[in-house]
Amino acid sequence: MTLLSKFQHPEVKQLAQSKDSLVSTFQVEAHNLSKKFTKGKNGILAVEDFSFAVPAGQMFGLLGPDGAGKTTTLRMLASVMPATKGNAKVGGFDTQRETRQARQLIGYMPQNFSLYPDLSVMENLIFFADINGVHGKRRNERIQEMLAFTRLKEFTDRRAANLSGGMKKKLALACALLHEPQVLILDEPSTGVDPVSRRELWVILSKVVQDGVTVVVSTPYMDEAERCHQVGILYNGKLLTSGSPSDLQNGLPFEIVEVKAKPRKVMREVVGDAPYVLQWRTIGDRLRLSVKDPFTATKLLENTLASEGAEIKVLRHSKRSMEDVFIHLVEERRASN
Ligand SMILES: Nc1ncnc2c1ncn2[C@@H]1O[C@H](COP(=O)(O)OP(=O)(O)OP(=O)(O)O)[C@@H](O)[C@H]1O
Ligand SMILES: [Mg+2]
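Conventions adopted
Numbers given to residues run from 1 along each chain, matching the order in which its sequence is written. Starting at A for chains and at 1 for ligands, labels are handed out in the order in which the entities are written. For this predicted model, a pLDDT threshold of at least 70 governs which residues receive local features, and a threshold of 80 or more governs which side-chain atom pairs are given and counted, while totals over whole chains, interfaces and linings are taken from all residues. Pairing between strands is defined by DSSP: at least two bridges between them are needed. For the purposes of this entry, the term helix denotes a DSSP run of H or I that reaches at least four residues, the term strand denotes a run of E that reaches at least two, and both are numbered from the N terminus. Geometry is summarised by axes, namely lines fitted to C-alpha atoms with helices restricted to the contacting stretch, and by angles between N-to-C directions that run from 0 to 180 degrees. Any residue pair is listed as a contact if its two C-beta atoms, each placed from the backbone, are within 7 Å. To decide nearness, the C-beta atom of each residue is placed from the backbone, and the residue is near a molecule or strand if that atom lies within 6 Å of it. Under the grouping applied here, Gly and all other residues not named as nonpolar or charged are polar, the nonpolar ones being Ala, Val, Leu, Ile, Met, Phe, Trp, Tyr, Cys and Pro and the charged ones Asp, Glu, Lys and Arg. Start and end positions for the domains come from either an automated domain assignment or a database one. Note on terminology: a nonpolar core is a set of buried residues of type Ala, Val, Leu, Ile, Met, Phe, Trp, Tyr or Cys, with members joined through C-beta atoms within 7 Å. Buried means a residue has 20 or more other C-beta atoms within 10 Å of its own C-beta, exposed means 12 or fewer, and partly exposed covers the counts in between; C-beta atoms are placed from the backbone.

### Considering the sheet that holds strand β9 (residues 230-235)
So, point 1. With mixed pairing, six strands are arranged side by side in an open sheet as β6-β7-β8-β3-β9-β10. The sheet is open, and its two edges are formed by β6 (106-109) and β10 (238-243), each paired on a single side. If you compare each strand with its neighbour and ignore which way they point, the axes differ by 15 degrees on average.
So, point 2. Bridge count between β9 and β10: five bridges; the pairing is antiparallel. Residue pairing for β10: L234 is matched across the bridge by L239.
So, point 3. Those strands touched by helix α13 (residues 322-336) are β3 (59-63), β9 and β10, and its axis lies near 30 degrees from that of β9.

And the structure:
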């Protein structure tokens, strides 16, 4: 069994195989979702037969390198772009055939700036409330709740164009949440945002999920991927794998050893020459090694580094991360192309 097929989420498989007979308990579903852009000679197959399912109240993370098809997938889910093949359902409503019902359940935050730069924070909130059918007393209540939730209360008069990157993202999130959607679709909500604002955004998202909202979020950040219940990794429009972060990490065919030793040149030479090191990469001042047997590798490295006169600062068996999963799968796929 290859690593890819091993990671196929069983629920996704089941959905793909018996979609008509299954009474769905999923809040978001995609069945063989595909999108072909008619550009160039052969067109671009941006998304191909992508199937996944998200139970209510869970967070599904969409990962993939640039151009993998994340935005295209989220646009089809949010019912702002038709699929070429396959379908998506939100709350049981087909996003193409029952667009109006599906849209009422969806809050969508696109990747690119979606606010009106010349309008103030308050004017943007009022505008998005109005177009989403939130009126009267309820509108004021929701706006105040969202301002408190996102801590934008003191900036209500500021033009959206003059907000910081993090504040813009928070305002876009507030606008997407105004009509109390059951499903939140977020396309890279924290890209280009400083680490403190990024954390604040994720505190808000955790609360949203705690309140029972189902979230589908694309992200380039692997620490964010680890916060999701399930993740799917897209590559060239195809799903490489999906599953919980811990299942994906535990399924890797190698373990990780971290080493930091001085002089660095000696450390690199020893690691580069070690036949039991499958791969290595630099993270800050240390090296992160993929090995089959971390206990033997640690012992052997300790001996070799000592015999080469290197001073060992760190040498330990380390937890596998989503970054290890992502890099391994993408490199495996690139090598097979
Ligand atoms: N409107 C369009 N017309 C033609 N091709 C498009 C269109 N939108 C996207 N594509 C192409 O489809 C592929 C997938 O693009 P998409 O924006 O979905 O990727 P992505 O994973 O969101 O990338 P990024 O991480 O850079 O945001 C790319 O090759 C892109 O050039
Ligand atoms: Mg994108």
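On we go.
### What to know about the site of ligand 1
So, point 1. Taken together, the neighbourhood of ligand 1 is formed by 13 residues, with F37, A46, K70, T71 and T72 sitting nearest.
So, point 2. No other element matches the three residues that helix α3 (residues 70-77) contributes to the shell around ligand 1.
So, point 3. Counted by class, the shell around ligand 1 contains four nonpolar, six polar and three charged residues.

### Some words on unusual backbone geometry
If a residue is not glycine, its phi is most likely negative; likewise, a peptide bond is most likely trans.
So, point 1. With an omega of -5 degrees, the peptide bond running from K262 to P263 counts as cis.
So, point 2. Located in the positive-phi region is D49, a residue other than glycine, with phi close to 50 degrees.
So, point 3. Relative to the assigned elements, D49 resides in strand β2 (residues 44-55).
So, point 4. If you check the backbone angles, E188 has positive phi at about 50 degrees while not being a glycine.
So, point 5. Here E188 shows up in the loop between β7 (183-187) and α8 (195-210).

### With respect to the domain arrangement of the protein chain
So, point 1. We note that the domain assignment places domain 1 (3-244) and domain 2 (253-319) within the protein chain.
So, point 2. Domain 1 and domain 2 are separated by 40 Å when their C-alpha centres are compared.

### Focus: the pairing of strand β11 (residues 255-262)
So, point 1. In terms of strand pairing, β11 meets strand β13 (residues 286-291) through five bridges, oriented antiparallel. Bridge pairing in β13 places E255 opposite V291.

### Overview of the nonpolar core
So, point 1. With 71 residues, the main nonpolar core has L77, L125, C175, I185, V215 and V216 as its most contacted residues.
So, point 2. A per-element tally of this core places helix α7 (residues 165-177) first, with seven residues.
So, point 3. Filtering out sequence-adjacent residues up to four positions away, V216 remains in contact with V28, V54, F60, L62, L74, L77 and I185.
So, point 4. Ranked by size, the runner-up nonpolar core spans 14 residues in total, among them V257, V259, M267 and A297.

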